[in-house]
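# Reading the structure
Okay, here's what each chain looks like letter by letter:
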Amino acid sequence: MTNNILQQKFDTPFQTPPFELIKEDNYLPAFKELINSSKEQINKIVESPEIPDFYNTIVALETSGSQLGIVSHIFFNLNHAETNEEIQTIAREVSPLLTEYSNDIWLNDKLFSKVKQVYEHQNKNELTSEQVQLLEESYKGFVRKGALLEGDSREHYREITTELSKLTLQFGENLLSETNDYQLHLSNKEELDGLPDGILEAAAALAKSQDKEGWIFTLQFPSYVPFMKYAENRELRRQMYMAYSKRGNNDNEHDNKELIKKIVSLRVQKAKLLGYASHAHFVLEEHMALNPEKVNDFLSELLDASLEVAKSDVKEVELFANDNGLEGDLQRWDYPYYSEKLKAEKYGLDDEATRPYFQLKMVEQGVLGLATKLYGLSFRENNNISVYHDEVKTYEVFDEDGTFLSVFYVDYHPRTTKQGGAWMTSFREQHRDGQGDVRPHVSIVCNFTRPTDNKPSLLTFNEVQTFLHEFGHALHGMLSNVIYESLSGTNVYRDFVELPSQIMENWGTQKEWLKDVGVHYQTDEVIPDELIQKIIDSENYQSGYATVRQLSFGMNDMAWHSLIEPFEGDVITFEQESMKATELFPPVEGTAFSTGFAHIFDGGYAAGYYGYKWAEVLDADAFEAFKENGIFDKETATRFRNEILEKGGTAHPMTLYKKFRGHEPSIEPLLKRSGLKK
Ligand SMILES: [Zn+2]
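In this report, the structure presented in the accompanying data block is examined.

The rules we used
Residues numbered from 1 in each chain as written. Predicted model: local features only at pLDDT ≥ 70, side-chain atom pairs only at ≥ 80, totals over all residues. Heavy atoms only, no water. Helix = DSSP H or I, 4+ residues; strand = E, 2+ residues; numbered from the N terminus. Areas by Shrake-Rupley, 256 points an atom, 1.4 Å probe, with all protein chains shown as cover. Lys, Arg positive; Asp, Glu negative; His and termini not counted. Charge placed at Lys NZ, Arg CZ, Asp CG, Glu CD. Donors = N, O, S within 2.8 Å, 3.2 Å for Na, K, Ca; no water. Buried < 20%, exposed > 50% of the residue type's maximum accessible area, 1.4 Å probe, protein only. Pairing = 2+ DSSP bridges. Axes fitted to C-alpha atoms, helices over the stretch in contact; angles between N-to-C directions. Contact = heavy atoms within 4.5 Å. 1 Å grid on protein atoms, 1.4 Å probe; cavity = no way out; pocket = protein on both sides within 12 Å on 5 of 7 lines; lining within 4 Å. Points joined across faces, edges and corners; volume = space filled by probe spheres on them. Nonpolar A, V, L, I, M, F, W, Y, C, P; charged D, E, K, R; others polar. Arc of directions from axis to C-beta. Salt bridge = Lys/Arg side-chain N within 4 Å of Asp/Glu carboxyl O. Patch = residues over 30% accessible without salt bridge, like charges linked within 9 Å, V, L, I, M, F, W, Y side chains within 5 Å. Core = buried A, V, L, I, M, F, W, Y, C linked by side-chain atoms within 4.5 Å. Parallel < 35°, antiparallel > 145°, perpendicular 65-115°, else oblique. Left-handed = near helix turned anticlockwise from the far one by under 90°.

Glancing now at the overall build of the chain. Looking only at helices and strands, one finds 27 helices and nine strands in the chain. Its C-alpha atoms give the chain principal-axis dimensions of about 80 × 60 × 55 Å. Accessible surface, the chain as shown: approximately 28,700 Å² in total, 48% of it carbon and sulfur. Averaging the coordinates of the 69 positive side-chain charges in the chain and doing the same for the 109 negative ones gives two points 2 Å apart.

Once that is clear, we can look at the coordination of the zinc ion. Each protein donor to the zinc ion is listed here as H469 (NE2), H473 (NE2) and E498 (OE); together their distances run 2.1 Å. Donor residues for the zinc ion, ordered by position in the chain, follow H-x3-H-x24-E. Taken together, the positions of H469 and H473, both in helix 17 (residues 461-478) and four residues apart, correspond to about one turn of that helix. Note on accessibility: H469 and H473 belong to one class, buried.

What follows concerns the sheet that holds strand 9 (residues 441-445). Backbone-to-backbone hydrogen bonds pair the strands of a sheet. The strands run either parallel or antiparallel. With mixed pairing, the five strands of this open sheet are ordered in space as 3-4-5-9-6. Strands at the two margins of the open sheet, each flanked by one partner only, are strand 3 (378-381) and strand 6 (423-428). Recorded for the sheet is a direction-independent mean angle of 30° between the axes of neighbouring strands. With five bridges joining them, strand 6 and strand 9 adopt antiparallel strand pairing. Each bridged residue has a counterpart across the sheet, and for W423 the counterpart in strand 9 is V445. Across the face of the sheet, helix 3 (residues 66-81) comes into contact with strand 5 (404-411), strand 6 and strand 9 while running at roughly 150° to strand 6.

When you tally the buried positions in strand 9, you get five out of five residues, the bulk of the element. Burial of strand 9 is two-sided: the residues H441, S443 and V445 facing one way and the residues V442 and I444 facing the other way are all buried.

Here we take up the layout of surface pockets. Approximately 630 Å³ is the volume found for the second largest pocket. For the lining of the second largest pocket, the elements supplying multiple residues, two or more each, are helix 7 (151-181), helix 8 (197-209), strand 2 (215-218) and helix 9 (221-230). Take the lining of the second largest pocket: its biggest share by element is seven residues, from helix 8. Split by residue class, the lining of the second largest pocket holds twelve nonpolar, twelve polar and two charged.

A full pass over the atoms with the stated rule returns two cavities of 30 Å³ or more. When its volume is computed, the largest cavity comes out at roughly 50 Å³. What lines the largest cavity is M424, S426, R428, E429, Q430, P440, V442, G477, S480, S488, G489 and T490. Sort the elements by how many residues they give to the lining of the largest cavity and strand 6 lands first, with three residues.

On to the environment of D537, then. As for its position among the elements, D537 is in helix 20 (residues 529-538). For the pair D537 and T509, spaced 28 residues apart in the sequence, the C-alpha separation amounts to 9.7 Å.

Before going further, it helps to examine helix 22 (residues 571-579). Buried residues of helix 22: V571, I572, F574, E575, S578 and M579, and no others. Down the axis, helix 22 shows its buried residues gathered within 160° of arc, on one side only.

Tallied over the entire structure, the rule returns 44 salt bridges. Residue E235 is joined to R238 by a salt bridge in which the shortest nitrogen-to-oxygen separation is 3.1 Å. Placement of both E235 and R238 in helix 10 (residues 234-245) is noted, with a separation of three residues, approximately one turn of the helix. Between E628 and R661 there is a salt bridge, with its nearest N and O atoms 3.2 Å apart. Here E628, found in helix 24 (residues 611-629), pairs with R661, found in helix 26 (residues 653-661); they are 33 residues apart in sequence, far enough to count as distant. A relative accessible area of 13% means that R661 is categorised as buried. Taken together, the shared-partner salt bridges in this structure form one network comprising E82, E391, D411, R415, K418 and R450.

Our next topic: a negative patch on the surface. On the surface, E293, D297, E301 and D304 cluster together into a negatively charged patch. Assignment of secondary structure puts E301 in helix 13 (residues 292-323). Residue E301 is classed as partly exposed on the basis of its relative accessible area, which comes to 45%.

With 111 residues, the main nonpolar core has F358, F379, F408, F471 and W507 as its most contacted residues. With eleven residues, helix 13 is the single largest residue contributor to this core. Excluding anything up to four places from it in sequence, F379 contacts L368, A371, T372, Y395, E396, V397, F408, F471 and M478. With 54 residues, the next largest nonpolar core counts F19, F31, L134 and Y139 among its residues.

With that settled, consider the environment of E40. Along the chain, E40 falls in helix 1 (residues 24-47). By relative accessible area, E40 is classed as exposed at 54%. Between the alpha carbons of E40 and S64 there is a distance of 9.3 Å; along the sequence they are 24 residues apart.

Close contact between helix 9 and helix 14 (residues 335-347) brings their axes to 6 Å; oriented N to C, the two are set at 70°. Relative to helix 14, helix 9 is oriented roughly perpendicular. Along this stretch, helix 9 crosses helix 14, giving a crossing that reads as right-handed. Counted together, M228, K229 and Y230 of helix 9 and P336, Y337, E340 and K341 of helix 14 form the full contact between these two elements. Partitioned by chemical class, the residues of the contact of helix 9 with helix 14 number four nonpolar, no polar and three charged.

Structural data, given as structure tokens:
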């Protein structure tokens, strides 16, 4: 018996990870031994003399390696939310071991022949629909991971996947270094013109924390975004823009261009080995959209509906800028600044006008309260659950009848040890085992504006929406009600996974809800109706521009992953070509987009970025059901919970969707909602 904490059953509330007891030294030995014991579990299945059936093969496989899964969740969650050099070193060592381990399963002939035998001979009428889904996904999983490959191709496949796991990890590390390596240190007050007090306070606090005078701005979102929106000094905006947009393209040791070439080339080689024309063909088979043609048609249809609007959006900002003293063309580093000013002029609204009303504490109550209104959930803070950083809070989540549903972690503010952006993740996923229902441990990690010495954390409206979004993913995890872990919660097709998150953003623009959460942090005044109306009116401000921008990311992704040969060309030229149809600004020498595109090169969105827009079609169409019946209608909410949120990946998403909505999604509600069609 080992005394490594990671190899024991956690003796903690809800068996949550005992972070304070886990040392960095524990990971590597735990990974190695758990990989070995998981392999033994697989061997047992393989060597069993029994005739293979659903239970002794498919279920046995599904439940093998569960402790390894728990440790992986802990480790990789920390690597994203609270990393350090030691963890990064371990990640580099462990990732190939895990890839090798999964290859040992997926490329195990004897195991596959048993799975195949069950797949071909099992009487499906004796199984529930969830079990049929598990059987089909298991079989397909093997095939998609190379089980039908033989000899040299099989070896080649192994090499490719191992290499890819290293390269994608390195892409993310490079990007994090590039983000952290740059600071704009200002000590001259005039250079700060236009920047709101809250932003200056944060910048001063950062300088102070580094024993420096003045103000420091960084490429992390809460610093970068407001700087670009408010700094009057055009040259400084240009510098910040250039620093941000050159990340991964500085021809230094953190450059991502060669990595991109290698990653896309290996992905196409892998796809071809498996019998697909491109990586996109391979990926999309397991998406609601099914194939690249459908995705490209979808992107083109939206581009047709939005390009002219986007051009006039940008023109409008340019004219406004010229009227307000801008000389020459509107550049990319001018757009956020003048666009924000124009928005303020048109609607009397800017981020800083609403920020005092969005205290994180109240917004949190309102976001959690929405789950109470819709689904009857309640949340109780529990300080006895161990956390990986002082700033992380934990809740116990209960169902309407008092049944315990989930542990819920929240981690709100940026740190240099945390990746940018916001995401939901789990430390444990819902499933049922011999002992009963195993409830999930769900977490959301954000980079929201920090409190300062004299202000609480005050959010932009955009951050409020991000909170709702991630909380929607969290509900998908928390409310999961299935048997098998691999079909649980957010384990659904990539272009379906954003439905539960994006639909939440719809409540973010409803008066009733905004009145609940918007309370001025100094005066306790409830957010005035006219300010709410301005938020609503301005929702579609520059929506053509915003749509085309999202489409350009999706098109860049599809271009990289529709390659049918390894890539030999120039990364920058290729990228410009791929985004040409969506170009709204003059090109800027030296900048790159792909080298910072972590979603597709260090995340799960390769050939799937379009899924955000796809899901917008779904969420706009789904929210229509709430609008038809009342936005807090219990019956509609219950149907959404029963048919979508609880079901995970136990059925095809179109089947689930139609059960909720009664028909397939239509693109019209989205075009109307975003003002692209009257
Ligand atoms: Zn999301």
